[in-house]
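# Survey of secondary and tertiary structure
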Amino acid sequence: MAKKIGNRTIILENRPSIVGYGSVVGKKEHDGPIGDEFDTYNDDSRFGEKSYEKAESRLQKTAVETALKKCDKTEKDVDCIFAGDLLNQCIGSSFGLRSLGIPFVGLYGACSTMTLGLSLAALTVDSGAVNTAVAVTSSHFCSAERQYRFPLEYGSQRTPTAQWTVTGSGASVIERSENKPYINAVCFGEIEDLGVTDANNMGAAMAPAAAATLMHYFSDTKTKPEDYDIIITGDLGSVGSNLLYQLLERQNIDIRCRHNDCGLIIFDLKKQDVHAGGSGCGCSASVLNSFVMHRFESGDFKNILFMSTGALMSPTSTMQGESIPGIAHLVNIKID
Amino acid sequence: MFPKVKEYSMMVKKQSPPSPKLKDFIWAFIVGGLICVIGQLLFEFFGMLNMSQKAIKMAVPSTLVFFAALLTGIGWFDKIAKRAGAGTLVPITGFANAVVSPAVEFKSEGWILGLGANMFKIAGPVIVYGTVASVVYGIIYYLVSLF
């Protein structure tokens, strides 16, 4: 059974493992530095669908199907699916997964949804409540732009701190297993808000939440950054990553030598014109279910911290001048 | 523990690279100027067609609006505007783009509540406050002309 240690961290004892994983991305992501690692990609930003919302649903369904196929399973083998996305009322997930016939738990954690879903899937599998669970999330540049910013063809300039929403989806299949990478611990984060109001600087809004979750985790587990092969954050980008270093340095924690960010891994900041890096639910989801899992398979990673970060604002709250609350959920993934 | 809101906003400011203002100014100046040159050329061109002055003053902006709308529709306008900034925004081309881009985008929600309702989402405020400003200007003009 899972048990809580310290303030926040939950240690899982029955090795809920990532037995299958799948990733789907768009063209820009495929053109990026880790483009070859994704299972599928599509040059067409609508993925053969009529609208961008439908395209995002298609992304999620494809990611789940790919992940299940890779571990020789079908929808019927899955007891529960934890899914979420950025669209209003999470229609990317509900419409994408409605035909699968899997018990559905819809989540909203903004861009932190991957580790939120993964943590919940791991906890339910660990407890024995279900045998097989899936965690999936997605984002689409075009559907996010039209919801949060301007129409695609509107001629505007982005600030250097703005981030580029990843078009992509990633799904993980969780089951108890002895020889696959397993989720050893989860740490749900608290909402942190240090008053950032600039919706074009999400990294800055999320960095405090990321720092808080890491601090809690290190103190609960009595470990330090050097104990892990890598500490990967979701989508802090270049600005948010630097702020995270500074916030942690005030607590005498230095993660510079171990840290990387999915938003910096998925795009080439110099060549791809994405300003401060990638963002969106699909950013950490697609990187986890490709790049990270491949490195577990090759033996490069044995013990890592993976933490998706989210900005919990809405277009309405931004227009009303509210600041942007951040959230970060962490999982410790290990292989023996 | 964490810095206070004020201190953090200083940290954020320090870490956030500023917009390349000089580059933006130069691009806006060149592209905005070019659009004006094109407008002048159109003016001369329509003049050669023996059109009346009144007709030319209608034809020049109409032509510019048409091409801005066309470039928006085929997906080029935002690529130019990305560099040009105010250069494409300030002339009448920016207004055309602001109307056409949501029209293209919201077609997926239908002709009436999608395209029709959202077409002036960006340009609407310009029309509202443009009208208000002209009323205020009119009143001031009237008052001044009394003396």
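Presented here is an overview of the structure given in this document. (Residues numbered from 1 in each chain as written. Chains lettered and ligands numbered in written order. Predicted model: local features only at pLDDT ≥ 70, side-chain atom pairs only at ≥ 80, totals over all residues. Heavy atoms only, no water.)

### Side note on unusual backbone geometry
All names here are of chain A. Non-glycine residue Asp 72 carries a positive phi angle of around 55°. Within the secondary structure, Asp 72 sits in the loop between α2 (52-70) and β5 (80-85). For Asp 72, a relative accessible area of 72% gives the class exposed. The phi dihedral of Cys 90 is positive, around 50°, even though this residue is not glycine. With respect to the helices and strands, Cys 90 occurs in the loop between β5 and α3 (91-97). Given the relative accessible area of 12%, Cys 90 is considered buried. (Helix = DSSP H or I, 4+ residues; strand = E, 2+ residues; numbered from the N terminus. Buried < 20%, exposed > 50% of the residue type's maximum accessible area, 1.4 Å probe, protein only.)

### Details of the pattern of salt bridges
The full count for this structure, using the stated rule, is 20 salt bridges over all chains. For B:Glu105, the salt bridge is made with A:Arg146, and the minimal N-O distance between the two is 3.3 Å. Placement of the pair is B:Glu105 in helix α6 (residues 92-105) and A:Arg146 in helix α5 (residues 141-148), with the two residues belonging to separate chains. Exposure class is identical for B:Glu105 and A:Arg146. Each is buried. Bridged by salt links that share partners, the residues A:Glu53, A:Arg146, B:Glu105 and B:Glu109 form one connected network. (Salt bridge = Lys/Arg side-chain N within 4 Å of Asp/Glu carboxyl O.)

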